[in-house]
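This is what each chain is made of:
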Amino acid sequence: MSLISHRSILYLLLGLLTIFVLIGHQLVPPMDRDEARFAQASKQMVESGDFVTVRFQEDLRAKKPVGIYWLQSVSAQLFGDDDIAVYRVPSLLGLLLALVGTYRAGLLLYQPRLALIGTAFLGTSLVVFAEAHLAKTDALLMGLCVWQQLSLLMIYRAYLDGTTPPRSAFLAFWVIMGLAVLVKGPIAPLLALLTALSLVIWHRDLGLLRRMRVLSGLAIVAALVLPWATLVSLATDGAFLDIAIKGDFLAKIQSGQESHGAPPGTYLVLLAVLLWPACLLLPRALLSLRQILANSEARFLVAWLVPFWFIIELTPTKLPHYPLPVLPALALLCVVGIRTALPQAKLVRYTITSFEFFSLLVAVIFAMLLIWGAINYGGENSVTAFAFAGLGTIAAACASWFGLQWILTQNIRPLGMMLAAAMAFNIFAIAGLLPSLHRIHLSTAINKVIAQMPTRPAAIAAAGYHEPSLVFLLGKDLLLLNGREAAFFLGEASGGVALIESREHEMFLETAKALGLKLDTPIQVSGINISKGQSAIMLIYRVQMFDGASRTG
């Protein structure tokens, strides 16, 4: 097929992914905790008109720089600021940037058909597909990192050729790095630094650094970042950057943050999950490591992947999205496995075959997780949940079957069918099953009850259940109290509603009784607080409008 036809397939892939992800954006409720925090802070940015300081309710939110909030705010101003879907649009943009950049990088290593397969490897990763559905920084950061690294690859090729890098590559590299700093701080510069230093060590020559024009480039990054950094420092008396650096970045490096600690090697163990189903080809690709290192572009991919992977393995805090900046490089390296034959040595042959069959079993694990989720969290939508779990199981089984056919035949067609089945699995799991797990969407259920009330409450307070998704759905004026404070709130707020979690219920009732409050029979909503991993029962109270002892007429 010609290059144009492969580009047409790429555009078709991008178009289908866009449609599927946008559908998921509309169906998946706000997720705790990070997504809801990002979306709520962006909503408040639009409402307040303050595009410098990031806040969640009245608290300073200094977890990440301002870039993602700007993009989400633009989306909210274009499409309305009430629906969670509008805040997810930048994540879709990040996915598309990553896929196009991966394809462009793949064309420098492979024939167009193989570059397209490498791109599909990335697009069918469940982690990548899931992140594109969340209003967070990570999908966008991945997209920016791909283009940053693609620009660095252009500079590296000029170094190898002994020529001056294109001015466009120099500008793109440093401008994109500056934008990535505004999105997620030092991650993109760290990735570029590790890649460049690895190549410098490999060649034992500083020529690459000279062609990168580091001092001029850092001036570009500073010109992009310092204006906002200065304004936010002035607006918060330096508190924003202090919290961002000491309270977030350094805390993650020093210890496992927010119960997300895990030992070194965790990502290596989970590799088959992070890049399923492309992980099927990874063992054969590793067999060609010598040939990979002999090729300049493939060597660049190794320099992109390995040092950064090593760093995140050593970082105490472990989250599934941390490897995203290097997954495009890993996806492209997996392509090498397509044309790598098994060796004659029995031990190596059996080892690789064992890993290949293990990678097929990942689909079984995924299918079991879907069924387990439908059983435990389907709630009143259990029929729908089981339907999507069943469809996902069929898709996972098909992916494994076609993967087996590739192992047996080495033909490209079963590989393409495997990727198509994996994409179907992702759609059924994320856009189908996840919204159907009624019990984990407790905030959405509470919001539905509030919306069905004859009159909108004048004020709302929550005791015991303080998840960000509830704030996003009910508004920044939601009061987050304990049971005692919620009783005083009902006594003072005419027409108010109190949302009482069962663990705060006794304290709330004791205080309400002491205050002489006459309460309506509460509405009960139950579910799972996924942030804490525990069941939650919410009791929705209002003060009686009329005294039950009074008479009319």
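Below is a short write-up of the structure. (Residues numbered from 1 in each chain as written. Predicted model: local features only at pLDDT ≥ 70, side-chain atom pairs only at ≥ 80, totals over all residues. Heavy atoms only, no water.)

### Some words on the sheet that holds strand 4 (residues 479–481)
Consider a sheet: its strands pair through backbone hydrogen bonds, and that pairing is either parallel or antiparallel.
Right, so step 1: Reading across from one edge, 4-3-5-7-6 is the order of the 5 strands in this open sheet, with mixed pairing throughout. The outermost strands of the open sheet, each flanked by one partner alone, are strand 4 and strand 6 (523–529). Going across the sheet, the axis of each strand differs from the next one's by a mean of 25°, ignoring polarity.
Right, so step 2: Its contacts with the sheet put helix 25 (residues 502–515) on strand 3 (460–463), strand 5 (497–501) and strand 7 (534–541), and the angle it makes with strand 5 is roughly 120°. (Pairing = 2+ DSSP bridges. Helix = DSSP H or I, 4+ residues; strand = E, 2+ residues; numbered from the N terminus. Axes fitted to C-alpha atoms, helices over the stretch in contact; angles between N-to-C directions. Contact = heavy atoms within 4.5 Å.)

### Quick word on the environment of S73
Right, so step 1: Relative to the helices and strands, S73 resides in helix 3 (residues 67–79).
Right, so step 2: On the basis of relative accessibility, which here comes to 1%, the residue S73 falls in the buried class.
Right, so step 3: Along the chain, S73 and S42 lie 31 residues apart, while their C-alpha atoms are 5.4 Å from each other. (Buried < 20%, exposed > 50% of the residue type's maximum accessible area, 1.4 Å probe, protein only.)

### Observations regarding the pairing of strand 6
Right, so step 1: As defined by bridge partners, strand 6 adjoins strand 7 across 7 bridges and the pair is classed as antiparallel. Counted as the bridge partner of S526 is I537 from strand 7.
Right, so step 2: Hairpin connection of strand 6 to strand 7: 4 residues between the antiparallel strands, including G533 at a positive phi of 70°.

### Quick look at the pairing of strand 5
Right, so step 1: Here strand 5 lies mainly inside the structure; 5 of its 5 residues are buried.
Right, so step 2: Covered by surrounding structure in strand 5 are V497, L499 and E501 together with A498 and I500, the residues of both alternating faces.
Right, so step 3: Two strands pair when backbone bridges link them, and strand 3 and strand 5 are joined in this way by 4 bridges, in the parallel orientation. Paired with A462 across the two strands is L499, which belongs to strand 5.

### Overview of the packing of helix 2 (residues 34–48) against helix 3
To describe two helices that pack against each other, one gives the angle between their axes and the distance between the axes.
Right, so step 1: Taken N-terminus to C-terminus, the directions of helix 2 and helix 3 make an angle of 65°; their axes are 9 Å apart at the nearest point. With respect to helix 3, the element helix 2 is oriented roughly perpendicular. Seen from above, helix 2 lies across helix 3 with right-handed handedness. Residues F38, A39, A41, S42, M45 and V46 of helix 2 form the contact with helix 3, whose participating residues are I68, Y69, W70, Q72, S73, A76 and Q77. (Parallel < 35°, antiparallel > 145°, perpendicular 65-115°, else oblique. Left-handed = near helix turned anticlockwise from the far one by under 90°.)

### Structural notes on the environment of D82
Right, so step 1: Among the structural elements, D82 can be located in the loop between helix 3 and helix 4 (89–107).
Right, so step 2: In this structure D82 comes out as exposed when scored by relative accessible area, which is 62%.

### Brief notes about unusual backbone geometry
Right, so step 1: Cis peptide bonds are those with omega within 30 degrees of zero, and the linkage from D32 to R33 qualifies with -5°.
Right, so step 2: You can see R33 is positioned in the loop between helix 1 (3–27) and helix 2.
Right, so step 3: Even without being a glycine, R204 presents a positive backbone phi close to 50°.
Right, so step 4: On the secondary structure map, R204 appears in the loop between helix 9 (187–203) and helix 10 (207–212).
Right, so step 5: A positive phi angle, near 50°, is found at R213, a position not held by glycine.

### Here's the deal with the packing of helix 7 (residues 138–161) against helix 9
Right, so step 1: In contact at an axis separation of 10 Å, helix 7 and helix 9 are set at 25° when each is read in the N-to-C sense. Viewed along their axes, helix 7 and helix 9 adopt a mutual orientation that is roughly parallel. Seen along the crossing, helix 7 lies across helix 9 with a hand that is right-handed. The residues of helix 9 that touch helix 7, namely those facing L141, C145, Q148, Q149, L152, Y156, Y159 and L160, are I187, A188, P189, L191, A192, T195, L199 and H203.
Right, so step 2: Of the residues that constitute the contact of helix 7 with helix 9, the class distribution is 12 nonpolar, 4 polar and no charged. (Nonpolar A, V, L, I, M, F, W, Y, C, P; charged D, E, K, R; others polar.)

### Notes on a nonpolar patch on the surface
Right, so step 1: Residues L12, L16, I19, I23 and L27 make up a contiguous nonpolar surface patch of about 450 Å² in total accessible area.
Right, so step 2: Relative to the assigned elements, L16 resides in helix 1.
Right, so step 3: According to the relative accessible area criterion, L16 is partly exposed, its value standing at 38%. (Patch = residues over 30% accessible without salt bridge, like charges linked within 9 Å, V, L, I, M, F, W, Y side chains within 5 Å. Areas by Shrake-Rupley, 256 points an atom, 1.4 Å probe, with all protein chains shown as cover. Salt bridge = Lys/Arg side-chain N within 4 Å of Asp/Glu carboxyl O.)

### Description of empty space enclosed by the protein
Empty space left among the atoms is revealed by rolling a probe the size of a water molecule over them.
Right, so step 1: On inspection of all chains with the given rule, the structure shows 2 cavities of 30 Å³ or more.
Right, so step 2: In this structure, the largest cavity encloses a volume near 80 Å³.
Right, so step 3: Taken together, 14 residues line the largest cavity, and the ones lying closest to its centre are D32, I440, H441, Y465 and S469.
Right, so step 4: Sorting the residues of the lining of the largest cavity by element identifies helix 22 (442–451) and strand 6 as the ones contributing at least two each.
Right, so step 5: Sorting elements by how many residues they give to the lining of the largest cavity places helix 22 first, with 3 residues.
Right, so step 6: Partitioning the lining of the largest cavity into residue classes produces 7 nonpolar, 5 polar and 2 charged.
Right, so step 7: Considered as a void within the structure, the second largest cavity measures approximately 50 Å³ in volume. (1 Å grid on protein atoms, 1.4 Å probe; cavity = no way out; pocket = protein on both sides within 12 Å on 5 of 7 lines; lining within 4 Å. Points joined across faces, edges and corners; volume = space filled by probe spheres on them.)

### Some points on the nonpolar core
Right, so step 1: F121, L208, W276 and F425 are the most contacted members of the largest nonpolar core, which totals 140 residues.
Right, so step 2: Here F425 is in contact with L126, W276, F366, L370, G392, A395 and A396, once residues within four sequence places are set aside. (Core = buried A, V, L, I, M, F, W, Y, C linked by side-chain atoms within 4.5 Å.)

### Quick notes on the side chain of N426
Right, so step 1: Topologically, N426 is positioned in helix 21 (residues 412–436).
Right, so step 2: Engagement of the side chain of N426 in a polar contact is seen with the backbone oxygen of T124, the distance being 2.9 Å.
Right, so step 3: Leave out the neighbours within four places in its chain, and N426 touches T124, S125, L126, F129 and A431. (Polar contact = N/O pair within 3.5 Å; in protein donor to acceptor, adjacent residues only side chain to side chain.)

### Section: the packing of aromatic side chains
Right, so step 1: Under the counting rule described, the total for this entry stands at 14 aromatic pairs.
Right, so step 2: Between Y87 and F472, the aromatic rings sit 5.7 Å apart at their centres with planes inclined by 85°, giving edge-to-face as the arrangement. Residue Y87 is located in the loop between helix 3 and helix 4, and its partner F472 is located in helix 23 (residues 468–474); the two are separated by 385 residues in the primary sequence.
Right, so step 3: Owing to a relative accessible area of 0%, Y87 belongs among the buried residues under this scheme.
Right, so step 4: With a relative accessible area of 2%, F472 lands in the buried category.
Right, so step 5: Between F508 and Y541, the aromatic rings sit 4.9 Å apart at their centres with planes inclined by 40°, giving tilted as the arrangement. Here F508 is found in helix 25, whereas its partner Y541 is found in strand 7, with 33 residues between them in sequence. Per residue, the accessibility class of F508 equals that of Y541, and both read buried.
Right, so step 6: Members of the aromatic cluster, connected to one another through ring pairs, are Y156, Y159, F300 and W304. (Phe/Tyr/Trp six-rings, centres within 6.5 Å; stacked < 30°, edge-to-face > 60°.)

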